[in-house]
Amino acid sequence: MYPLHSIDFCPICGGGLCGIRIIGSLPADSNNDDSADSATATASATAADAQNSSLAQPHGLVICDECEAIWLEPDVSTVHQYPDLEKAASPVNGMPIWGDGSRWASMEDIEWLGWTEAVNPELDAELDADSDSEEKLV
Amino acid sequence: MNKKPYSKNPLGSKSKAGGIAVIVLAGIYSLVAPQLNTRFGWDLPAISADAQGNVRLAEKDSSRTGEPSSGDRSSTGKTSGTYQPSDSSKTKSPAKSKPSDGKEIEGQTDDLLHGLLKEVSSNRYQSPEGLLYTPGSAEGHRLNHLERHTKDMPSRPGSHGVFDGEMAGALKTIDRAYQRAKKNQKTTKKVDDGRTIYTVDMGGRVGYVGGRDGKRRRNPMARRVRIVLDGNRVITAYPM
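Rules behind the numbers
Per chain, the residues get numbers from 1 upward, laid out in the order the sequence is written. All chains are assigned letters beginning at A, and all ligands numbers beginning at 1, according to the order in which they are written. Restriction of local features to residues with pLDDT of at least 70 applies here, the model being predicted, together with a cutoff of 80 or more for giving and counting side-chain atom pairs; totals for whole chains, interfaces and linings are based on all residues. Only runs of H or I of at least four residues qualify as helices and only runs of E of at least two qualify as strands under DSSP, and these elements are numbered from the N terminus. In this description, a residue-residue contact is defined by the distance between C-beta atoms placed from the backbone, which must lie within 7 Å. Take the residue count of a helix, subtract one, and multiply by 1.5 Å to get its expected span. Between the buried cut of 20 or more and the exposed cut of 12 or fewer other C-beta atoms within 10 Å of a residue's own C-beta lies the partly exposed class, and all C-beta atoms are placed from the backbone. A set of buried Ala, Val, Leu, Ile, Met, Phe, Trp, Tyr and Cys residues, joined through C-beta atoms within 7 Å, is what we mean by a nonpolar core. We call two strands paired when DSSP finds no fewer than two bridges between them. Note on residue categories: nonpolar means Ala, Val, Leu, Ile, Met, Phe, Trp, Tyr, Cys or Pro, charged means Asp, Glu, Lys or Arg, and polar means any other residue, Gly included. Known as pLDDT, the predictor's per-residue confidence is scaled from 0 to 100.

A.B. asks: How should the overall build of chain B be read in this particular structure?
C.D. replies: Within chain B, the secondary structure is distributed over four helices and 16 strands. Pairs at least 24 apart in sequence give 47% of the contacts found in chain B among residues at least 6 apart.

A.B. asks: Sorry, what's going on with helix 3 (residues 166-182) of chain B here?
C.D. replies: Every α-helical turn comprises 3.6 residues, leaving residues that sit three or four positions apart pointing alike. Residue and element names in this part refer to chain B. Look at helix 3: 24 Å from first C-alpha to last across 17 residues, which is about the 24 Å you get at 1.5 Å a residue. When we look at burial in helix 3, the residues that qualify are Met-167, Ala-168, Ala-170, Leu-171, Lys-172, Thr-173, Ile-174, Ala-177, Tyr-178 and Ala-181. With its phi angle positive at about 60°, Asn-184 sits one or two positions after the end of helix 3.

A.B. asks: Just to check I follow, could you spell out the nonpolar core for this structure?
C.D. replies: A general feature of soluble globular proteins is that nonpolar side chains tend to end up buried together. With 66 residues, the main nonpolar core has Cys10(A), Cys64(A), Cys67(A), Ile174(B), Ile227(B), Val228(B) and Ala237(B) as its most contacted residues. Not counting chain neighbours up to four residues away, the residues in contact with Ile227(B) comprise Ile174(B), Ala177(B), Tyr178(B), Ala181(B), Tyr198(B), Val234(B) and Ala237(B).

A.B. asks: Teacher, can you tell me more about the pairing of strand 2 (residues 17-23) of chain A here?
C.D. replies: Side-chain positions along a regular strand alternate between the two faces of the sheet. All names here are of chain A. Within strand 2, seven of the seven residues are buried, which leaves the element mostly enclosed by the surrounding structure. Here strand 2 shows two buried faces, one formed by Leu-17, Gly-19, Arg-21 and Ile-23 and the other by Cys-18, Ile-20 and Ile-22. Relative to strand 3 (residues 59-64), strand 2 is paired through six bridges, and the arrangement is antiparallel. Residue Ile-23 lies in a different strand from strand 3, and its bridge partner there is His-59. Here strand 2 runs beside strand 6 (residues 102-104); their pairing, made up of three bridges, is antiparallel. Bridging from a neighbouring strand, Ile-23 pairs with Ser-102 of strand 6.

A.B. asks: Sorry if this is basic, but what is going on with the interface of chain B and chain A here?
C.D. replies: Size of an interface, as often reported, equals the accessible area lost when the parts are brought together. Between chain B and chain A, the contact holds 25 residues from the first and 26 residues from the second. Ranked by the residues each element gives to the side of chain B that touches chain A, the list is headed by strand 16 (residues 233-239) of chain B, at four residues. Its residues placed into classes, the side of chain B that touches chain A shows nine nonpolar, eight polar and eight charged.

A.B. asks: Looking at this structure, how should I read the sheet that holds strand 14 (residues 221-222) of chain B?
C.D. replies: Either a parallel or an antiparallel arrangement is found when strands of a sheet pair, and the pairing is made through backbone hydrogen bonds. All names here are of chain B. The antiparallel open sheet is built from three strands, whose spatial order is 10-13-14. Bordering the open sheet on either side are strand 10 (160-163) and strand 14, each of which pairs with just one other strand. Pairing between strand 13 (residues 207-210) and strand 14: two bridges, direction antiparallel. Bridge pairing links Tyr-208 to Met-221 in strand 14.

A.B. asks: Help me out: how do you make sense of the confidence of the model for chain B in this one?
C.D. replies: In low-pLDDT regions, the fine details of the predicted coordinates are not to be read closely. Residues and elements named next belong to chain B. This prediction gives chain B a mean pLDDT of 75; 57% of its residues lie at or above 70. Across residues 49-53, where pLDDT falls below 50, the model places three contacts with residues more than four positions away in sequence or in other chains. Listed scores for the predicted complex are pTM 0.68 and ipTM 0.78.

A.B. asks: Explain the environment of Lys190(B) here, please?
C.D. replies: Residues and elements named next belong to chain B. Considering the arrangement of structural elements, one finds Lys-190 in strand 11 (residues 187-192). A count of 13 C-beta atoms within 10 Å places Lys-190 in the partly exposed class. Distance in space between the C-alpha atoms of Lys-190 and Val-228 is 9.5 Å, their sequence separation being 38 residues.

Spelled out as structure tokens, the structure:
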């Protein structure tokens, strides 16, 4: 259960990877269905849904996988913060950072975020590694 | 009618000789066993006599030392927010627990997780030195997170510290490190926004360096422990 793509080692604890995590689903995730389904879903959206969706906007965080320090931008020299110890939530919209609606970002996610330049390829997970490959994707 | 004396019964003399041999062997055993225990760290049972005077091996009390059995090292459950070790990870033992107020309660019977941790409330475990392991982290519980550092992740980028002795060993080492840290013995301390990060030199091997970097360096031994705390709550800990 470590990041697929990281930007650096953690400057706080020294042992963690500052991995890119995406909170929420990308628009592309829901557009994988047929356009007819998407159109139906769009049509049924209410004004309240629209308001909620702005809160549920997918966004990226940089999180240390050891000490859980969080950066809002892909630069560990900027200010960091820590989540709640037991219910770790995104400082952006309060969504759980470890729940089902979040994941370590794939390269596609990172491109969508526009953070590609920040990735240190030397810290990329080995996708074809024999062990714990399943865990890595959680 | 002549009655053969009992002593001339060949069966009787064999039995007597056997009895003497048993006594001699028992005597040798009782002399040698403590020395073997000390020298090799074994736990050979002592010889004792019951109410009828029969010599027999005393029952071993595996919980006497607080050492976990091999069953303590089994894998743990990973339900989100909970820590569900196998039943064998809890040892019912006459524990010497030492709560945060520092007073020892001798003879108290507790269920100790991994032979060390006392469940102070639902899913919250306290170590003898007062460290708390609570729900949280990507793994759902800090103990599940800590479990990552009981085995290598050879493909993980960078270094990955691995404790010797699996969960029971890791927890004991962390407690020893925290004990040293509180006394400021060979410890560096950094405080950051409510988090305290201790790096403690343990003076000897506590594990090894794994991960990709560790693998490249042929997994050198680790003799320091880094502990990240929020108050007395463990966020993470690993050897380095």
